[in-house]
Amino acid sequence: MFCLVFLPFALGHFMSSLLRNINAILAPQLTEALGLNSAQLGLLTSAYFFTFAVAQLPVGMALDRFGPRLVQCAMLWLAVLGALVFAGSREFIQLVVARAIMGLGLAGCFMGAVKAVSTWISPAKLPSVQGYLIAVGGLGAASATLPVRLALHYMDWRWLFVMLAAGCAIIALLIWLLAPTPPATPRKPFNRRMFYDICIHPVFRSTAALMLLPHAVFFGVQGLWIARWLQDVGRYSPQAIAWLLYLGMAAVVFGAIATGMITEWAAKRGIAPLSVAACGTALFIAVQLGIALDWRPAAAQLAVLFTLTGTITGIDYAIVAQAMPPALTGRASTCLNLFIFLAAFCVQAGFGLVLGQWQPDTLQHYPAIAYQAAFGALAVLQLPALLVFAWRHWRPLQCCAEHFRGIRYNVGLTLKDMYETGSLRPSRQRKTRPD
């Protein structure tokens, strides 16, 4: 299972995370080479999210119909093309198109891995295995930080993308040669009614309502703007930023594994995974509020905590995969991915537009108030869903507590009546009691 199922698809997710986050380190080089402003940089980086999101429904249908082996292998070759075009691009529009092609080619990496592990691994193990899968993605994101910074000492960013294209090609060959063909499942044609049924499924709806926006914020900010915030507000050097981002991605690995273990531990004690996710989301929003309040002495710690607490948002895939029938896991997961990455596109591009409302200094550093406004707006947008979730789950707890108090009160009255009637008195007391 590890060598033939988990490892090949996990390597695809590794490469997807690396290319998604690489612009956080390359932003100074890209800005210097092409003279990009914050809005253009946000659009360039978020083009990955847009095509990634657009491809989700077709990818979901293809995964359920043809299996992850064939779909993943074919799409990785498209990512090879995108990386090569990015390496040879000389203009802003060409870079945007190349980045979009990369997003399209890597759109099935995580969902293909989820489909593969949910096919071959028992449902009880899914939270832990998907936690390991997210941890591998964290390693990919970590590779986009300090290792990329070190690689730039020996090659420019164009040759770096040639090397990444070769890596995508090798992973495609590994999946084709190693991954088994999944067992046949009943094929269901995808139509608007099925899409509607997935979206109104109670588990899907409650999961998306709570986790969609925090997940999008984690993807959109961690892949670009957290590094710019460290540079513009924290005044950290590029080497220090690369090191902090590397620590943050290492925290993603730890957080992903810990999330899976905590979720399984909580499930054995009757605690729903969504309740675990709500606690993690509250911590994630608290970190964003710390950044919005300009707690500058703890900038380094907040940057690492942002990625650590944001990792909890990945639990939504496991919750949806467990709730859906096997024939629909691919489509349900890609429906969720569609919404997440569309929102991530809006977050990443919108963050740049908010920063653009302020003028940068001569070194192209935006003021702290610009980042406070952007992070504060994101935190305010996420709070209502968390408060609604807390209110809906607090009311049943209150009802249970009131019901328990009522039972205790009634039991107390019953015992008192039984004692007064003599049924609970010792036999000697009952004999001597007057009529």
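Per-chain numbering applies: the sequence of each chain, read as written, is numbered from 1 onward. For this predicted model, a pLDDT threshold of at least 70 governs which residues receive local features, and a threshold of 80 or more governs which side-chain atom pairs are given and counted, while totals over whole chains, interfaces and linings are taken from all residues. Excluded from the side-chain calculations are hydrogens and water; all other atoms, namely the structure's heavy atoms, are used.

### Thoughts on helix 10 (residues 157-178)
Thought 1: The numbering of helices and of strands both runs from the N terminus, where a helix is a DSSP run of H or I of at least 4 residues and a strand a run of E of at least 2. What a helix should span is 1.5 Å times the count of its residues minus one. Its 22 residues give helix 10 an end-to-end C-alpha distance of 31 Å, which sits within 8% of 32 Å, the value for a rise of 1.5 Å per residue.
Thought 2: Within helix 10, the full set of buried residues consists of Trp157, Arg158, Leu160, Phe161, Leu164, Ala165, Gly167, Cys168, Ala169, Ile171, Ala172 and Ile175.
Thought 3: Contacts between residues were defined by any pair of non-hydrogen atoms, one from each residue, lying within 4.5 Å. Summarising the contacts, the buried residues of helix 10 are in contact with helix 1 (2-21), helix 2 (23-34), helix 5 (68-88), helix 6 (92-105) and helix 9 (146-151). For the exposure calls, accessible area comes from a 1.4 Å probe over protein chains only, and a residue counts as buried if that area is under 20% of its type's maximum, exposed if over 50%, partly exposed in between.

### Observations regarding the layout of surface pockets
Thought 1: In this analysis the probe radius is 1.4 Å and the grid spacing 1 Å, with only protein atoms considered; a cavity is a set of points the probe fits into but cannot get out of, a pocket is an open set with protein on both sides within 12 Å along at least five of seven lines, and lining residues have an atom within 4 Å of a point. Grid points are joined across faces, edges and corners, and a volume is the space filled by probe spheres set on the points. Taken as a whole, the second largest pocket encloses approximately 290 Å³ of empty space.
Thought 2: Along the walls of the second largest pocket sit 14 residues, with Thr259, Ile262, Gly280, Leu283 and Ile312 positioned nearest its centre.
Thought 3: Each residue is assigned to one of three groups, with Ala, Val, Leu, Ile, Met, Phe, Trp, Tyr, Cys and Pro labelled nonpolar, Asp, Glu, Lys and Arg labelled charged, and all others, Gly among them, labelled polar. Across the lining of the second largest pocket, the residue classes break down as 9 nonpolar, 5 polar and no charged.

### As for the packing of helix 12 (residues 202-232) against helix 15 (residues 299-310)
Thought 1: Helix 15 packs onto helix 12 with a crossing angle of 170 degrees between their chain directions and a minimal axis gap of 11 Å. Here helix 12 is positioned roughly antiparallel relative to helix 15, judged by the angle of their axes. Packed against helix 12, whose contacting residues are Val217, Phe218, Val221, Gln222, Ile226, Trp229 and Leu230, the element helix 15 presents Ala299, Leu302, Ala303, Phe306, Thr307 and Gly310 at the interface.
Thought 2: Taken together, the residues of the contact of helix 12 with helix 15 break down into 10 nonpolar, 3 polar and no charged. Only the stretch in contact is used when fitting a helix axis, every axis being a line fitted to C-alpha atoms; angles between N-to-C directions are given from 0 to 180 degrees. Reported orientations rely on four angle classes, namely roughly parallel under 35 degrees, roughly antiparallel over 145, roughly perpendicular from 65 to 115, and oblique for the rest.

### Let's talk about the environment of glutamine 322
Thought 1: The topology assignment puts glutamine 322 in helix 16 (residues 315-323).
Thought 2: According to the relative accessible area criterion, glutamine 322 is partly exposed, its value standing at 38%.
Thought 3: The sequence separation of glutamine 322 and valine 203 amounts to 119 residues, and the corresponding C-alpha distance is 9.6 Å.

### Considering the packing of aromatic side chains
Thought 1: Each Phe, Tyr or Trp ring (for Trp, its six-membered ring) is paired with any other whose centre lies within 6.5 Å, and the angle between the two planes then decides the class: stacked below 30 degrees, edge-to-face above 60, tilted in between. Evaluated as defined, the whole model comprises 18 aromatic pairs.
Thought 2: An aromatic cluster is present here, built from Tyr48, Phe49, Phe52, Phe218, Phe219, Phe284, Phe306 and Phe341 joined pairwise through their rings.
Thought 3: Placement of a charge over a ring requires the Lys NZ or Arg CZ to be within 6 Å of the ring centre, with the centre-to-atom vector within 35 degrees of the ring normal. Lying over the aromatic face of tryptophan 176, arginine 69 brings its terminal NZ or CZ to 4.1 Å of the ring centre.

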